[in-house]
Amino acid sequence: MNKAEYDTKMQSIVNNICTYRILKRDPTSKLQDKNNEIVERLYNNKAIDLKEKNNLISKTANPPRIYGLPKINKEGIPLRPICSSIKSPSYNLCKYVANILRNITKSSNYNVKDAIDFKNRIKDSYIYDDESLVSFDIVSLFPSIPVDLAINIIASKWNDIKEHTNLSKDLFLSMVKFCIKDNRYFKYNGKLFEQLSGMPMGSPASPVIADIVMEDLLTKFESDCSNKPRLLTKYVDDLFAIIKTEDIDKMLTLLNSYQKTIKFTIEIEKDGNLPYLDTLVIRKNNRLKIDWYAKPTSSGRLINYNSKHERKTILNTATNFIRRVLIISDKHFHKRNKNIIQQILEQNEFPSCLIRKVIQNYYVRTDKENTYNENKVYKTATYVPGISERIKHSNIYDKEKVQLAFTCSNTLGKMYSNTKDKIPRCEKSDVIYKISCNGDGSHLCHKVYVGTTKTKLKTRISAHKSNIKLRNSSTDNKTALSAHCRDTGHYPDFDVAILQKEKNYNKRFILEICT
């Protein structure tokens, strides 16, 4: 997809006046202040300690940014809107809310964690001749859930929630409302938009609250059914059920009757087969068998055997792929699936002898124990062919205490254009920056000042300018930059260059020294 086509499709999404509206002003600063007021209340109520308070406080917030991911399995390749809320005003507070609410979703009657859990839940289940396999899916889950409905359901479950927090009910609900109603905005192509209804896309609180709403809806659904589904599971908004064939239309109508904004679609088994998650559920002799399933659009592309990655990373990728396919599928399908595995890995230039060895190891080491050692310190470094291997096998570090892992710096994100709105340079934080000196107007000065800041760059530059204006006062020696301007009469060039971005303070400080 070229950029012009992508922009056209994204504009058609954000210009939908029924879903979004353009904002005249940026609410980020106002929302940041409100977030910090709530955090202060949490701290005063002793719900959080000082460390948590500092983590939840927002000082360098930016608007959420929307972008689209192409649905390559759909006709016309429509875009799925994704909103990145990292560093938004309420991002950390939403995670705090989600962690509390997640406690009441652990005892779900319907949830499955993944395809493997789904297989374990339904394998060898019996299915009668008058029953059918069906799956239900919600159209646009987060935007379809009314915020007021979500808040009311959470309020009804307060007796369960209060066991996991010492907050009052009113304070907690006001915090939830702030997270999912006040922060429904984003930026695209330099313009700010507000989401008019539903849960905010990209918020860490939306998935767990949507799960609670779905759980409540399914409980009502089962109680209202004249013939309950004999089996009903849920993965986010994807439902799998075994129901009476004659009740299919009734159940779809019942599901769509609870909320006019929440609309379900249905897929019914075909020739005794129904794809669900990464599995293919197969009806055979009134028993359910599970096979691994890949969509027709799947490219089969994995990590290439000859790519510039650590050999261990390449082998682990193949091992995990093999384990996933064979664990998901029943043993009856293993012979065919091993041939598929062989073909896919050969397409990625894995040697045939290595493929056979890794497949054999799966059967020998299926129950291999986790070797994670909590006493070890795990460090990452950029992978350099030849050098990284020598470092890993050398004696320059204590292998009993330190575990090295190598990463690739040449990622897909760097090879393809970034579809998110770029954060303006002056709005960036956690950076190492460089300021050049303009001299005194008649003579050039080739000196530069390198500094680091956790706050937004514009705030730090403003502080530098204030220090220089007060060069004759006692505050002029706050930085080497202001001291240089005082001693020489020079003035810096505030067209600042960003050299590095690093969130971790210690790493950022080391990078500043090394620059």
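Quick caveat: nothing in here was measured; it's all calculated off a predicted structure.

K.L.:
Lay out the environment of Gly198 in plain terms, naming residues and giving numbers.
P.N.:
In this fold, Gly198 is placed in the loop between β6 (191–195) and α10 (205–224). Put simply, Gly198 and Thr459 are 261 residues apart on the chain and 35 Å apart in space, counted from C-alpha to C-alpha. Contacts of Gly198, omitting those with residues within four sequence positions, involve Phe142, Pro143, Ile145, Val147, Ile180 and Arg184.

K.L.:
Explain the nonpolar core to me, using residue names and the numbers behind them.
P.N.:
Taken as a class, soluble globular proteins show a tendency for nonpolar side chains to be buried jointly. Among the nonpolar cores identified, the biggest contains 65 residues, and Leu42, Leu93, Tyr96, Phe172, Ile180, Ile209 and Phe264 are the most heavily contacted of them. For this core, the element with the highest residue contribution is α10, accounting for 10 residues. Apart from residues lying up to four places away in sequence, Phe172 is in contact with Val97, Ile100, Leu101, Ile154, Trp158, Ile161 and Leu167. Ala115, Leu133, Ile344 and Leu354 belong to the second largest nonpolar core, which has 33 residues in total.

K.L.:
Tell me about the packing of aromatic side chains, residues and numbers included.
P.N.:
Tallying each qualifying case throughout the model produces 13 aromatic pairs. Taken together, a centroid distance of 4.7 Å and an interplanar angle of 50 degrees make the contact between Phe118 and Tyr276 tilted. Of this pair, Phe118 sits in helix α5 (residues 115–122) while Tyr276 sits in strand β10 (residues 273–276), and the two are 158 residues apart along the sequence. There is no split in this pair, since Phe118 and Tyr276 are both buried. On the numbers, 5.9 Å between centres and 80 degrees between planes, the contact of Tyr491 with Phe494 is edge-to-face. Under the relative-accessibility criterion, Tyr491 is labelled partly exposed at 41%. Take Phe494: its relative accessible area is 18%, and that puts it in the buried class. Aromatic ring contacts, followed pair by pair, group Tyr20, Phe186 and Phe193 into a single cluster. Sitting above the plane of the Tyr43 ring, Lys53 keeps its charged end 4.6 Å from the centroid. The ring of Tyr305 carries the charged tip of Arg311 above its face, separated from the ring centre by 4.6 Å.

K.L.:
Go over empty space enclosed by the protein, please, and point to the residues and values.
P.N.:
Inspection of the entire model under this criterion finds 1 cavity of 30 Å³ or more. Of the volumes computed, that of the largest cavity is approximately 100 Å³. Forming the boundary of the largest cavity are 17 residues, of which Ser85, Asn183, Pro200, Met201 and Ser203 lie nearest the centre. When residues of the lining of the largest cavity are traced back to their parent elements, those giving at least two are α4 (91–101) and β5 (185–188).

K.L.:
Can you break down a nonpolar patch on the surface residue by residue, with the values?
P.N.:
On the surface, Val384, Ile387, Ile391 and Ile396 cluster together into a nonpolar patch covering about 350 Å² of accessible area. Relative to the helices and strands, Ile391 resides in helix α15 (residues 387–392). For Ile391, a relative accessible area of 33% puts it in the partly exposed group.

K.L.:
So what about the environment of Thr317? Which residues, and what values?
P.N.:
Here Thr317 is to be found in helix α12 (residues 311–328). When the C-alpha positions of Thr317 and Ile303 are compared, they lie 7.1 Å apart, and in sequence the two are 14 residues distant.

K.L.:
Would you mind going over the layout of surface pockets in detail, with residue names and values included?
P.N.:
In this structure, the largest pocket occupies an estimated 1,700 Å³ of space. Surrounding the largest pocket, 45 residues form its lining, Lys74, Arg80, Asp137, Asp238 and Lys295 being those nearest its centre. Taken together, the elements giving at least two residues each to the lining of the largest pocket come down to β3 (79–84), β4 (131–138), α6 (141–144), β8 (238–244), β9 (264–268), β10 and α12. For the lining of the largest pocket, the leading source of residues is β3, giving 5 residues.

K.L.:
Break down unusual backbone geometry for me, citing the residues and quoting the values.
P.N.:
Positive phi values are uncommon outside glycine, yet Asp271 reaches one of about 55 degrees. Locating Asp271 in the fold gives a position in the loop between β9 and β10. With relative accessibility at 73%, the residue Asp271 sits in the exposed group. The phi torsion at Asn285 lies on the positive side, around 55 degrees, for a residue other than glycine. Summarising the element assignment, Asn285 is placed in the loop between β11 (279–284) and β12 (287–292). Asn285 sits in the exposed class, given a relative accessible area of 69%.

Each value, and the rule that gives it
Residues numbered from 1 in each chain as written. Predicted model: local features only at pLDDT ≥ 70, side-chain atom pairs only at ≥ 80, totals over all residues. Heavy atoms only, no water. Helix = DSSP H or I, 4+ residues; strand = E, 2+ residues; numbered from the N terminus. Contact = heavy atoms within 4.5 Å. Core = buried A, V, L, I, M, F, W, Y, C linked by side-chain atoms within 4.5 Å. Buried < 20%, exposed > 50% of the residue type's maximum accessible area, 1.4 Å probe, protein only. Phe/Tyr/Trp six-rings, centres within 6.5 Å; stacked < 30°, edge-to-face > 60°. Lys NZ or Arg CZ within 6 Å of the ring centre and 35° of its normal. 1 Å grid on protein atoms, 1.4 Å probe; cavity = no way out; pocket = protein on both sides within 12 Å on 5 of 7 lines; lining within 4 Å. Points joined across faces, edges and corners; volume = space filled by probe spheres on them. Patch = residues over 30% accessible without salt bridge, like charges linked within 9 Å, V, L, I, M, F, W, Y side chains within 5 Å. Areas by Shrake-Rupley, 256 points an atom, 1.4 Å probe, with all protein chains shown as cover. Salt bridge = Lys/Arg side-chain N within 4 Å of Asp/Glu carboxyl O.

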